Amino acid sequence: MAEAAASGTQDANHMAWLRQLRVELLAAWAIAKKDMLIYYIKPNIIVSGMLFPLFMFLAFAVGRPAGPSVMIPGLIAITILFSASSIEPVSIPIERRMKTFDRLISAPVSLHAVVFGESLSGFLYSTGIAVVPFLAGIVIFGTAIVSVVPLIVGVLLTSFCFATMGTLFASYPTESPGDIMSMLNVIRLPLIFISGIFIPLSQIPGMARWLTYCSPLTYGNDLIASAYSGTTQFTPFADIGMLLVFILIFQFAANRLYKKFNE
């Protein structure tokens, strides 16, 4: 009888956990859907998420001898970097100003659901935007893809990684998107030059090469580029593993900071 009772308790706890997980996921989706409807078409997000990375890429790519199969993966990676991390630094400060973020934090869902939902909105936005340079490579330049799987996995993981990074920076308690964007650009701009996009990793000098290992863009770009070249600087499993590590670090840090700033 005791064993049956214990088993019944475990089953009940398991069902309760599944119900709570469903509630958390639905809440995260509701937060992401809210951002999709309100913020995706705001001018500052379009500029920072689409036009800025495009013109920056063209400024450094025009006149270089590299072919489309080399340049298109870099354009995809840069587009993901800026588009994925541009939603939350705009949406969250605006909602703080309008006092709607306070209601979101006080809702009967965990902080994990809030952070995940905000990250999900940036992830969906950047995944959609990444399709543009991908199609441009095929339609305009006829760029061949050696393997589709690294491309899909690379785009998805890199998008969620930088969406989570944007959510992390948006934890700073300000009502001005410009404050967060300024801090974020201090990180994003150097990442472009130490991640093997414009300068091959093999050509980055000694000590500076260690910085490349600290950049999630290094692994995202390497994985995406392997879909076009068939080779990687690291291994696909190493790229995937490091992107997952960065995602976990950013998610953990974001949860801690939101809890600290909203106690």
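How each quantity is defined
Residues numbered from 1 in each chain as written. Predicted model: local features only at pLDDT ≥ 70, side-chain atom pairs only at ≥ 80, totals over all residues. Heavy atoms only, no water. Phe/Tyr/Trp six-rings, centres within 6.5 Å; stacked < 30°, edge-to-face > 60°. Helix = DSSP H or I, 4+ residues; strand = E, 2+ residues; numbered from the N terminus. Buried < 20%, exposed > 50% of the residue type's maximum accessible area, 1.4 Å probe, protein only. Polar contact = N/O pair within 3.5 Å; in protein donor to acceptor, adjacent residues only side chain to side chain. Contact = heavy atoms within 4.5 Å.

Draft legend 1. View of the packing of aromatic side chains. Here the structure, examined in full by the defined rule, presents 8 aromatic pairs. Between Phe101 and Tyr258, the ring centres sit 6.1 Å apart and the planes meet at 45°, which makes this aromatic pair tilted. One end of the pair, Phe101, is in helix α5 (residues 100–105); the other, Tyr258, is in helix α11 (residues 236–261), with 157 residues separating them in the sequence. Of the two residues, Phe101 and Tyr258, neither departs from the other in class, the shared state being buried. Measuring from centroid to centroid gives 6.0 Å for Phe246 and Phe250, while their planes differ by 40°, and the two rings are tilted. Of the two residues, Phe246 and Phe250 are both situated in helix α11; the distance of 4 residues between them amounts to about one turn of the helix. Note on Phe246: relative accessible area 11%, which makes it buried. An aromatic cluster of at least three residues, connected via ring pairs, comprises Trp210, Tyr213, Tyr219, Phe234, Phe246 and Phe250.

Draft legend 2. Representation of the side chain of Ser171. Inspection of the secondary structure assignment puts Ser171 in the loop between α7 (148–169) and α8 (177–194). Classification of Ser171 as buried rests on a relative accessible area of 2%. A polar contact is formed between the side chain of Ser171 and the backbone oxygen of Leu168, at a distance of 2.6 Å. Among residues more than four places away in sequence, those in contact with Ser171 are Arg96, Leu257, Tyr258 and Phe261.

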